[in-house]
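One letter stands for each residue in the lines below.
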Amino acid sequence: MRAPVVVRVLLAVPESRLGEALHRLCSYPGVKEGGLLSTCIRVEVYAVVEDVEAGFTRVQEFLADTHLSLSFEQLTPHLYWHMDDRAIGHLFRVAASLDSMIVGEPQILGQLKDAFETALTHKASGVILNKLVKKAISVAKRVRTETKIAETAVSVSYAAVELAKKIFSNLSEKTVLLVGAGEMAKLAAKHLINNGVRRVMITTRNPQGALELAKRFNGVSIPFDEFR
């Protein structure tokens, strides 16, 4: 999804709701298998469908129904979709971190594995997605082992902190607001505090997640409605 941050935040599916979301995705007519990859910078739906055009419409409906704060009209302009070989190629690029903001970053492969395990647990993934995702993970491991893609790879969080240091020189008196409480936010909080940031604030649609992360890093949680 090539969308503004605010839209991506609204579309992100919390871990606690992934199972329910997968069951709903696979309940749509014509959707035979499904998977959700929801991270701080991407929301992707993978589906095996009986008819491609109808399947894309069902996925649009799923996204709109899952996130009632966004209308169908607001959502549609931000969507892109792939089918057949292009969909397979896209998944392989994602797994190998060739589609990441920072090429070679290590987090995405773990996130894809977690998404796949969740789909398996909730019986949303079947014969086709199982084979496809396993192969994508296998190829991604080979890419990292047999090429130099990971030699200087850093996380998006680390890169963001390094950029902030270049802009502000000294972070010791700065206050930072993190939107989200996932793995990237945890890494960002850790890097920021290690580089002297005075105060970290966290906001997310999941108040409990924001509270837990704020407590872990002696930060402050901010209600998501106030951030918006």
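Residues numbered from 1 in each chain as written. Predicted model: local features only at pLDDT ≥ 70, side-chain atom pairs only at ≥ 80, totals over all residues. Heavy atoms only, no water.

**Q** Could you clarify how one ought to interpret the pattern of salt bridges in this entry?
**A** Oppositely charged side chains can pair when the atoms bearing their charge come close. As enumerated under the stated definition, the model contains 8 salt bridges in all. Note that Glu162 is salt-bridged to Lys165, the shortest N-O span being 3.3 Å. Placement of both Glu162 and Lys165 in helix α8 (residues 156-168) is noted, with a separation of 3 residues, approximately one turn of the helix. Here Glu162 falls in the partly exposed class, since its relative accessible area comes to 23%. Residue classification places Lys165 among the partly exposed positions, given a relative accessible area of 29%. Among the charged side chains, a salt-bridge network with shared partners connects Arg17, Glu20 and Arg24. (Salt bridge = Lys/Arg side-chain N within 4 Å of Asp/Glu carboxyl O. Helix = DSSP H or I, 4+ residues; strand = E, 2+ residues; numbered from the N terminus. Buried < 20%, exposed > 50% of the residue type's maximum accessible area, 1.4 Å probe, protein only.)

**Q** Would you mind showing me how to read helix α6 (residues 107-121) here?
**A** For the α-helix, the turn length of 3.6 residues means that residues three or four positions removed from each other point alike. Taking 1.5 Å per residue as the helical rise, α6 with its 15 residues ought to reach 21 Å, and the 21 Å between its terminal C-alpha atoms agrees with that figure. For α6, the complete set of buried residues consists of Gln107, Ile108, Leu109, Gln111, Leu112, Ala115, Phe116 and Ala119. Of the surrounding secondary structure, the elements contacted by the buried residues of α6 are α2 (18-27), β1 (31-38), α5 (84-95), α7 (127-146) and α9 (183-194). Once α6 finishes, Lys123 follows within two positions and takes phi at roughly 55 degrees, a positive value. (Expected span 1.5 Å × (residues − 1). Contact = heavy atoms within 4.5 Å.)

**Q** Explain the nonpolar core here, please?
**A** The nonpolar side chains of a soluble globular protein tend to be buried with one another. Within the largest apolar cluster, 24 residues are counted, with the highest numbers of intra-cluster contacts made by Leu11, Leu36, Phe62, Leu63 and Leu75. Contributions of two or more residues to this core are made by α1 (5-11), α2, β1 and α3 (52-66). Not counting residues up to four positions away in its chain, the partners in contact with Phe62 are Ala21, Arg24, Leu25, Tyr28, Leu36 and Val45. Counting residues in hydrophobic clusters, the runner-up holds 18 residues, among them Leu91, Ile108, Leu112 and Ala115. (Core = buried A, V, L, I, M, F, W, Y, C linked by side-chain atoms within 4.5 Å.)

**Q** Can you help me understand the environment of Ile108 in this one?
**A** Within the secondary structure, Ile108 sits in helix α6. Taking the C-alpha atoms as reference points, Ile108 and Phe168, 60 residues apart in sequence, are found 29 Å from one another. Apart from the residues lying within four places of it in its own chain, the contact partners of Ile108 are Leu37, Thr39, Arg42, Val94, Ala95, Ser97 and Ser100.

**Q** For this particular structure, what's the right way to read the pairing of strand β3 (residues 175-179)?
**A** The two faces of a sheet get side chains in turn, since along a regular strand they alternate between them. Where burial is concerned, the two faces of β3 differ: the one with Val176 and Leu178 is buried and the one with Thr175, Leu177 and Val179 is not. In terms of strand pairing, β3 meets strand β4 (residues 199-203) through 5 bridges, oriented parallel. Pairing of Thr175 across the sheet is with Arg199, part of β4. (Pairing = 2+ DSSP bridges.)

**Q** Which parts of the structure should I look at to understand the packing of aromatic side chains?
**A** The relation between two aromatic rings is expressed through the spacing of the ring centres and the mutual angle of the planes. With the rule as written, the count across this model stands at 2 aromatic pairs. Ring plane angle 90 degrees and centroid distance 6.4 Å describe the contact between Tyr28 and Phe62, whose orientation is recorded as edge-to-face. Here Tyr28, found in the loop between α2 and β1, pairs with Phe62, found in helix α3; they are 34 residues apart in sequence, far enough to count as distant. In this pair, the class of Tyr28 matches that of Phe62, namely buried. Summarising the aromatic geometry, the rings of Phe56 and Trp81 are spaced 4.3 Å apart at their centres and angled 15 degrees between planes, so their arrangement reads as stacked. In this pair, Phe56 sits in helix α3 while Trp81 sits in the loop between α4 (72-75) and α5, placing the two residues 25 residues apart along the sequence. By relative accessible area, Trp81 is classed as partly exposed at 34%. (Phe/Tyr/Trp six-rings, centres within 6.5 Å; stacked < 30°, edge-to-face > 60°.)

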